[in-house]
Structure formats: C-alpha cells, structure tokens
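Residue-level structure breakdown
The residues making up each chain are set out below.
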Amino acid sequence: MPLSPDEIVFWQWGIVQLNATIVYTWLLMLFLAVGAKLITRRLATGLTRSRWQNLLEIIVTAIEKQIEEVGLSHPRTYLDFLGTLFLFVATASLFTVVPGYQPPTGSLSTTVALALCVFVAVPLFGIAEQGLASYLKSYIQPTFIMLPFNLISELSRTLALAVRLFGNMMSGAMIIGILLSITPFVFPIVMTLLGLLTGMVQAYIFSILAAVYIAAATRVRAKSRDPDAGASPEQQPG
Amino acid sequence: MLINWFTVGAQLLNFLILVWLMKRFLYRPILDAIDAREERIAAELADAAAKQAEAEQARETFRDKNTALDQQRATLLSQAAQTAEVERRRLLDEARDAADSLSAKRREALSQEQERLSEELVQRTRDEVFAIARKALADLACAGLDARMCEVFVQRLQDLDSATRDELVSTLTPGSDPVLVSSAFDLPPPQRRAIQVALADLFAAEIQVRFETAAQLINGIELSVNGRKLGWSIADYLTAMEKSVGELLTVPAVADAEPDTAHDAESTPPAAEASTAAGPPERSESEQRG
C-alpha cells in the first residue's frame, strides 16, 4: 500500500501531476466552502437561529476563544489563518471514516506546505504587530549569541510541525490499513475511532502551536508594555 | 522521496485559497451575524433599561398622583359627609316641623269635628228626648188630667205670695183687655167656673175671662194679664228641664273633648314619640289648656 496519497497519481504532465493529495484537498475545500456558503446563506441575526448556524457559531467562537486564551489580544486578526488550519486538518482526519478516502494531511507534502505557511506567517504577523526592527531584534534577545539558536529553533519547530502531523495522520491510516488485512472485523472500527480522536488532537495541536508561535512573535512589544502579561507559552506538546 | 515539491506548492496555494474561502463564506458572515445579534441584544437591553427607567418614573408619578388623589378623595368625602349630615339634619327638622304642624292641624280639625258632632248629637238627643216626652204626655193628656191640672192651677192661684199677687193686681187696670186663660184642651164649664172664682178671689173683683185652647201647652193652663203670664204646664217643666239639660250637656261636651285629645296624644306611634320625645307632651298639655 502507498505510504502517502502523493503516490496515487491520477494524471501527470511533466512535473505537473494530479495526485490523490491534491484531489482530496480540493474535495475538502469544496465541502468546507459549499457547506459554509449553504449555512451562511441565510443567517439570522435575531435570537432564534438554525441549528447549523448554531453549530458554526459555536465552532467559530470556540476557535476565537482558544486564540484569545493563547495570548493573542486581537483574535479576529488571526482567526482566518489559524481557524482555517484547524478546520482543514480536522476535516481531513474526520473524513477518514469514509472508505477509500486518503487524508491529505497524511502526505508529508501537505504538512510541509502547512508548516511553511506557519513559518512565513509568524514573522509576517510579528512584523505587522511590532515592526520589522523590533521583530528582528527579538532574534538577538536576550543576547546576540542566541541568534543562531533562535534561527535553528524557527526551522526545527517548522519541521517538527510538519513531521508531527504527517507522522500521526500517516500512522493512523497505516494502522487501519494493516489491521484491515489482519483482523477485518470490529477492530479496525475501534482504531478508526482512535484515529478520529488522534486527528482531532493533531488538528488542535497544529493550530494551537501556530497560535503560540504567532503569539511569541507578537508578544515582545506587549511584554515591554505590560510586564505582567504572562510568560511565553513556548511549550512543545506531542 | 516523501516530499513532492509540486504537491507542496499546490497544497500551499490550495491552503491560501481555502483561507480566503473560509474568510469569505464562514468567518465574516458568522462573526457579522454574531456582532449584529450582540448589537441588537445590547440595543434591546439598553432599550429595556430605558423603558424600565421610564416605567419606574411613570410609576413614581402615578404613585404620587395616586396619593394626591387619595388625599383629595378623602377630603372631598369628609366634606360631602359633613354636608350630607347638615342637610340630613335640616331635612329631618323640616320634616319634623311639617309633621308637627300637620299633626296639630289634624288634631285641631279632629277636635273641631268631634265638638261639632258632639254638639249635634247632644242637640239631637235632646230634641228627640223632648219630642218623645212631649208626644208621650200629649198622648196621655185627657179630661181627667185636665181636671186635676185645673185644680192644681186654682191651688197655685190661691197660694200666690202677696208680692206676685200685688203685681198681678196692679197690671189689671180697669177697662183693659179681658184676662186670657189658655189651655191645651177645652176646659169644661165647672172648671171654667172654678177658675173664674179663684180669679175673682185673687183680684177681689169680678173680671172678664176669656178661655182659649193652645195645643203647644201640652198639658197645662196659662194666665195672661196685659203681657204678664202665670201658669202651670208640663211644657214649662219640659222647657225648664231642657234648659238645664242643655246647660249640663254643653259643659260635659267641652270637658269630653279634653280626654279625647289626651288619648290622641298617647296613641301617636312610638317612632314619632321617640323622634319628638320632648315635643308631644308639652303640646298635648297646651292643647288641653287651649
């Protein structure tokens, strides 16, 4: 069996190829966009609203709240990016209950792409928040000796993001595939459920870590303004 | 190689497109809806607070007005009660006075009527009684009785006291009209003679006597000399008796009216007595006096 959906190629023209990763990503994008469009087509601003609108409101406000809890004071600025990260990864793992589906996040190419997005987004948000000089200055904090370590940290954590998500998703798919060949009944279902849980946890971890990195990049000025703003949540779970 | 760099680029692009799509179709509408709802709720809350404040103020105003109205009403009620009490007393007094005057008039009329009736009754009784007596005596009158009556007349002539005799004699002047002797029945000749003898004795002279019959004398004989009369008649008795009875009856008739008036005063209803506790006795006394 293929280790990554990248290996399932439907169409190829030179370097350009249409593999399962891209196709399933499009399907997910279609699902998310159409679903969101359908639900938000007729939004109620009154006190009564449809249960689907209620669900979306719960999801959006929960994400917003999580971002705020991480330490970002203006969660709506980061909601588009971080929320989409979470929803994409979560939906990708949620669809593993559909037989024949290959999660795009089980491809290292996808996770690398997502990690690269985070890698680029962090300095962008940091510079937008505190200016280029101030942001760059944060690399030589507390002393310039820390500069290489900070740089290595930037790279390694991006790599870690990509590999962690890939490893978890890929392993989940692999385990289910292997179990299906060994014990075709019952047990794969349990493992699918476990895979769903793992996928949700990974989606949460991925987006929360991205939020934490952004928070760390935008926090310096806030910290200089308010010393009691709390310690940097520079922790690496998973 | 696990990483397909074309796929990486494609996925990067896909992700950015997805971010835009999500922003366009999910986050903005949802957040806008939430904001709109929150604004609306806030507006409604503010509106409710404003209305509550307004209502509170209105309630205060109404309470003040209510209190003022209550006080005003109480004042008006007490005034009305006082006015009504005064009016009631006035009306009661008026009614009492009217009732008293009416009662007095009624009593007066009653007493007058009673008096009149009593007088009439007395009169009629008296008339009837004497009519009966006259009739009975007239029926009983006869020759025997006339003879006896004549004897009594003669006896009376003989028994006249000297003063009366002198007076009679003095009236009988010579050449005057003959002496008239009236009787209810025709006197038989012996009796006429006896009377003539007795008259001759009385006047000590022979005089002319004229005999006449007068039914109104019933039983009796009357002597008339130049306007002076002397006689005996049952009619005289009856007239004297009628006179005395009339005197007797007129006095009791007035006296009888007094107990009746007192009885009327006692028979007035208890309520009227109670309402005019001080009045009636005094009035009845005054009426008795009157």
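Residues numbered from 1 in each chain as written. Chains lettered and ligands numbered in written order. Predicted model: local features only at pLDDT ≥ 70, side-chain atom pairs only at ≥ 80, totals over all residues. Heavy atoms only, no water.

Which entries qualify depends on this criterion: UniProt positions are given in the numbering used here, feature names are shortened, and annotations may be inferred rather than shown by experiment.
An unreviewed UniProt entry lists chain B under the name ATP synthase subunit b, with Marinobacterium lutimaris as the source organism. Reading the Sequence similarities (unreviewed entry) entry of the UniProt record for chain B gives the comment "Belongs to the ATPase B chain family."

In the nomenclature of an unreviewed UniProt entry, chain A corresponds to ATP synthase subunit a from the organism Marinobacterium lutimaris. In the Sequence similarities (unreviewed entry) part of its UniProt record, chain A is described as follows: "Belongs to the ATPase A chain family." The heading Function (unreviewed entry) in the UniProt record of chain A holds the text "Key component of the proton channel; it plays a direct role in the translocation of protons across the membrane."

**Things to note about the interface of chain A and chain B**
Convention followed: Whether two residues are in contact is decided by their heavy atoms: any pair within 4.5 Å suffices. Accessible-area loss on putting two parts together, using a 1.4 Å probe and summing over both, is the definition of buried area adopted here. Salt bridges are defined as contacts in which a side-chain nitrogen from Lys or Arg sits within 4 Å of a carboxyl oxygen from Asp or Glu. Polar contact is the term for a pair of N or O atoms within 3.5 Å; when the atoms are in protein, one must be able to donate a hydrogen and the other to accept it, and sequence-neighboring residues count only if both atoms are side-chain atoms. Helical segments are the DSSP runs of H or I of at least four residues, strand segments are the runs of E of at least two, and each set is numbered from the N terminus. When residues are grouped by polarity, Ala, Val, Leu, Ile, Met, Phe, Trp, Tyr, Cys and Pro land in nonpolar, Asp, Glu, Lys and Arg in charged, and all others, Gly among them, in polar.
Residue-level contacts link 47 residues of chain A with 33 residues of chain B. The contact between chain A and chain B buries some 3,700 Å² in all, and 74% of this surface belongs to carbon and sulfur atoms. The largest contributions to the chain A side of the interface with chain B come from Met29(A), Arg76(A) and Asp80(A), which together make up 15% of the buried area. Summed over the shared surface of chain A and chain B, the result is four salt bridges. Across the chain A-chain B interface, the total number found is 13 residue pairs in polar contact (both at pLDDT 80 or more). Listed by contribution, the elements that provide at least two residues to the side of chain A that touches chain B are strand E2 (16-19), helix H1 (20-40), helix H2 (51-70), helix H3 (75-94) and helix H4 (108-130) of chain A. In terms of residue count, the dominant contributor to the side of chain A that touches chain B is H1(A) (ten residues). The residue inventory of the side of chain A that touches chain B, partitioned by class, reads 27 nonpolar, 13 polar and seven charged.

**What about the packing of H2(A) against helix H1 (residues 5-140) of chain B?**
Let me state the cut-off plainly: A fitted line through C-alpha atoms serves as each axis, taken over the contacting stretch for helices, and the angle formed by two N-to-C directions is quoted from 0 to 180°. Angular relationships are summarised with four words: roughly parallel below 35 degrees, roughly antiparallel beyond 145, roughly perpendicular across 65 to 115, and oblique for the angles in between.
For the pair H2(A) and H1(B), the least separation of the axes is 10 Å and the interaxial angle reads 95°. If you check the angle between H2(A) and H1(B), you find them roughly perpendicular. From H2(A), Gln53(A), Leu56(A), Glu57(A), Val60(A), Thr61(A) and Glu64(A) reach across to H1(B), where they touch Leu26(B), Tyr27(B), Ile30(B), Leu31(B), Ala33(B), Ile34(B) and Arg37(B).

**Notes on the pattern of salt bridges**
Two side chains that carry opposite charge are able to pair once their charged atoms sit near each other. Let me state the cut-off plainly: The classification of residues rests on relative accessible area computed with a 1.4 Å probe and restricted to protein chains. Under 20% of the type maximum is buried, over 50% is exposed, and intermediate values are partly exposed.
Per the stated rule, a full pass over the model turns up 19 salt bridges over all chains. A salt bridge links Glu154(A) to Arg157(A); the shortest N-O distance between them is 2.8 Å. Here Glu154(A) and its partner Arg157(A) are both found in helix H6 (residues 146-182), three residues apart, which amounts to about one turn of the helix. Each member of the pair, Glu154(A) as well as Arg157(A), is classed as buried. The salt bridge involving Arg96(B) is made with Asp93(B); its shortest N-O contact spans 3.5 Å.

**Points about the sheet that holds strand E2 (residues 209-213) of chain B**
Residue and element names in this part refer to chain B. Put simply, the rule is: A pair of strands is considered paired only if DSSP assigns at least 2 bridges between the two.
The strand order across the open sheet formed by four strands is E2-E1-E3-E4, and the pairing between neighbours is mixed. Strand pairing shows two members of the sheet lacking a second neighbour, E2 and strand E4 (228-233), which therefore form its edges. Averaged over all pairs of adjacent strands, the angle between strand axes in this sheet comes to 15°, irrespective of strand direction. Relative to E2, strand E1 (residues 179-183) runs parallel, the two sharing five bridges. Looking across to E2, one finds that Ser-182 is bridged to Glu-212. Helix H4 (residues 189-203) rests against E1, E2 and strand E3 (220-225) of the sheet, and its axis sits at about 135° to E2.

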